[in-house]
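# An overview of the molecular structure
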Amino acid sequence: RPRVLSGIQPTAGSFHLGNYLGAVRQWVALQESHDAFYMVVDLHAITVPQDPAELRANTRLAAAQLLAAGLDPERCTLFVQSHVPEHAQLAWVMNCLTGFGEASRMTQFKDKSARQGADRASVGLFTYPILQVADILLYQANEVPVGEDQRQHVELTRDLATRFNGRYGDTFTIPKPYILKETAKIYDLQDPSIKMSKSASTPKGLINLLDDPKATAKKVKSAVTDTDTVIRYDAENKPGVSNLLTICSTLTGRSIAELERDYEGKMYGALKTDLAEVMVEFVTPFRERTQQYLDDPETLDSVLAKGAEKARGVAAETLSQTYDKVGFLPAK
Ligand code: TYM
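One structure accompanies this document, and this report is about it. The structure displayed is predicted, hence computed values, not measured ones. (Residues numbered from 1 in each chain as written. Predicted model: local features only at pLDDT ≥ 70, side-chain atom pairs only at ≥ 80, totals over all residues. Heavy atoms only, no water.)

## Observations regarding the packing of helix H6 (residues 107–116) against helix H7 (residues 123–138)
Put simply, the rule is: An axis is simply a line fitted to the C-alpha atoms; with a helix, the fit covers only the stretch in contact. Between two such axes, the angle follows the N-to-C directions and lies from 0 to 180 degrees. To qualify as a helix, a DSSP run of H or I must reach at least 4 residues; to qualify as a strand, a run of E must reach at least 2; elements of each kind are numbered from the N terminus. By definition in this entry, angles of less than 35 degrees are roughly parallel, angles greater than 145 are roughly antiparallel, angles of 65 to 115 are roughly perpendicular, and the rest are oblique. For a crossing to be left-handed, the near helix must be turned anticlockwise from the far one by less than a right angle; the clockwise case is right-handed. In this description, contact between two residues means that some pair of their heavy atoms is separated by no more than 4.5 Å. Side-chain classes follow a simple rule in which Ala, Val, Leu, Ile, Met, Phe, Trp, Tyr, Cys and Pro form the nonpolar group, Asp, Glu, Lys and Arg form the charged group, and the remainder, Gly included, forms the polar group.
Viewed as axis vectors pointing N to C, H6 and H7 meet at an angle of 160 degrees, and their least axial separation amounts to 10 Å. Between H6 and H7, the crossing angle belongs to the class labelled roughly antiparallel. The hand of the H6/H7 crossing is right-handed. For the pair H6 and H7, contact is made by Gln 108, Phe 109, Lys 112, Ser 113 and Gln 116 and by Leu 125, Phe 126 and Tyr 128, respectively. The class makeup of the residues in the contact of H6 with H7 is 4 nonpolar, 3 polar and 1 charged.

Structure (structure tokens):
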């Protein structure tokens, strides 16, 4: 079985629709066909300031949402990044293999540090992509299911793995991004020229999966479209409508062409009303399931403990090979 590895940050409150459609949905599907490793990346989370109690709560919340979304601990390995110390250890080796200029070209750092003020951004935020490289290489992942915004980090992973293999001999599998074209980038409902995100979206443009379903329905109904009236997929000229069609198609399993046919001659309001309903049907059980996992923290923590143990088995093996190749003296 080919292996996949991916991660998600423990953000406050809830995952958003972009996280789910762009990544988590694929994680659920891939656990059937792949040897799958998925983690909550708390080490990445502290690249920006975090309240300790909130970080802990958000880490459990993230795990609960992943289980609610359909990850099955019998079919995949679900764990918390900080439970596997090898991530930080391999990241150091990878830091020393990365050029300063190379790291400086990572666009996500530029965006995030610009938002915080470059002087206030941490060095951790700067080396963030290199920790992600370590995450992926530790598991010898063949594919990395993510949204479009993570493509550059997977490219960096390929570059560094190739460099390491060239310098020290074959050690790492060269991973490929697994990015579904249709859902690679879900857009903000109010401003379909930007991606949906916690940091850039306004509350009305952002669908948080755990929000009150009524509020979610309202956001869908007030999504920005255009002054045309035809319901047709055209990402360039009709980004708002196209985004709604993508969301609707993915959540219902019906093709865009089918939807276009159904809505021929109908107004935007019809699509929005139907999508609002589809969304409510999706988020209502998702919220309930998440709450059930949160209500039983002992079970949740034991799932994560088992996951960490399995993950460590793989990670420790890769790290030990890496240390040996680099020339570290073994501790006898
Ligand atoms: P994060 O936590 O920001 O996002 C989790 C996943 O959601 C995807 N995503 C989107 N997809 C489509 N449309 C959107 N609007 C949208 N917004 C977010 C992201 O692409 C991502 O797949 N650095 C990563 C976490 C990470 C990781 C890893 C991923 C750490 N180590 C190793 C893969 C492999 C991040 O911050 O994702």
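## Looking at the site of the ligand
Applied cut-off: Residue proximity to a molecule or strand is established when one non-hydrogen atom of the residue lies within 4 Å of it. Here a polar contact is recorded for every N or O atom pair within 3.5 Å, except that within protein the pair must consist of a potential hydrogen donor and a potential acceptor, and residues adjacent in sequence are included only if both atoms are side-chain atoms. Per-residue and other accessible areas were derived by the Shrake-Rupley procedure at a 1.4 Å probe size, with only the shown protein chains allowed to occlude residues.
Neighbouring the ligand are 28 residues, the closest being Tyr 128, Asp 135, Gly 147, Asp 149 and Ile 186. Contact distances for the ligand include 2.9 Å between an oxygen atom and a backbone N or O atom of Gly 147. Residue Met 196 places a main-chain N or O atom 3.0 Å away from a nitrogen atom belonging to the ligand. Computed on the free molecule, the ligand has an accessible area of 710 Å², of which 95% lies beneath the protein chains in the complex.

## Structural notes on the environment of Tyr 168
Threshold: The classification of residues rests on relative accessible area computed with a 1.4 Å probe and restricted to protein chains. Under 20% of the type maximum is buried, over 50% is exposed, and intermediate values are partly exposed.
Structurally, the position occupied by Tyr 168 is in helix H8 (residues 151–168). For Tyr 168, a relative accessible area of 30% gives the class partly exposed. C-alpha separation for the pair Tyr 168 and Gly 327, spaced 159 residues apart in sequence, amounts to 9.5 Å. Not counting residues within four places of it along the chain, the set of residues in contact with Tyr 168 comprises Leu 97, Lys 325 and Val 326.

## A few points about the pattern of salt bridges
We count it as follows: By convention in these notes, a salt bridge is any Lys or Arg side-chain nitrogen within 4 Å of a carboxyl oxygen on Asp or Glu.
Within this structure, the stated rule accounts for 14 salt bridges. Among the ionic pairs, Lys 219 bridges to Asp 211, the shortest N-O distance being 3.6 Å. A relative accessible area of 25% means that Asp 211 is categorised as partly exposed. Between Asp 262 and Arg 254 there is a salt bridge whose closest N-O contact spans 2.4 Å. A single network of salt bridges, built from pairs that share partners, joins Glu 32, Asp 72 and Arg 75.

## So, the packing of aromatic side chains
Our working rule: The aromatic pairing rule takes the rings of Phe, Tyr and Trp, using the six-membered ring of Trp, and pairs them if the centres are within 6.5 Å, calling planes under 30 degrees apart stacked, those over 60 edge-to-face and the rest tilted.
A complete count under the given rule lists 10 aromatic pairs for this structure. Aromatic pair Tyr 323 and Phe 328: ring centres 4.8 Å apart, planes at 85 degrees, arrangement edge-to-face. Feature note: the residues Tyr 20, Phe 282 and Phe 286 constitute an aromatic cluster, connected by ring pairs.

## Considering the side chain of Ser 6
With respect to the helices and strands, the residue Ser 6 is situated in strand S1 (residues 3–8). For Ser 6, a relative accessible area of 2% translates into the label buried. Reaching out from Ser 6, the side chain makes a polar contact with the backbone oxygen of Pro 145 at a distance of 2.8 Å. Setting aside residues no more than four positions away along its own chain, Ser 6 makes contact with Trp 27, Phe 37, Tyr 38, Met 39, Pro 145 and Val 146.

## A word on the pairing of S1
Applicable threshold: The criterion for strand pairing is that DSSP finds at least two bridges linking the strands in question.
Most of S1 sits inside the fold, with 5 of its 6 residues counted as buried. Note: S1 against strand S2 (residues 35–40), 6 bridges, orientation parallel. Paired with Leu 5 across the strands is Phe 37, a residue of S2.

## Examining the nonpolar core
Here is the rule: Nonpolar cores were defined as sets of buried Ala, Val, Leu, Ile, Met, Phe, Trp, Tyr and Cys residues, with membership established by side-chain atoms within 4.5 Å.
Core analysis: the biggest nonpolar cluster contains 57 residues, and Tyr 38, Leu 66 and Ile 247 have the highest contact counts within it. Ranked by the residues each element gives to this core, the list is headed by helix H12 (residues 268–294), at 9 residues. Setting aside residues no more than four positions away along its own chain, Ile 247 makes contact with Leu 17, Leu 21, Ile 186, Leu 189, Leu 275 and Met 279. Within the second largest apolar cluster, 42 residues are counted, among which are Leu 5, Tyr 139, Leu 160 and Phe 164.

## A few points about the packing of helix H3 (residues 52–69) against H12
Here H3 crosses H12 at 130 degrees, and the two axes come no closer than 8 Å. It follows from the interaxial angle that H3 and H12 lie oblique. By crossing handedness, the relation of H3 to H12 is classed as right-handed. Counted together, Arg 60, Leu 61, Ala 64, Gln 65, Leu 67, Ala 68 and Ala 69 of H3 and Phe 286, Arg 289, Thr 290, Tyr 293 and Leu 294 of H12 form the full contact between these two elements.

Just distances and angles here, no functional claims.
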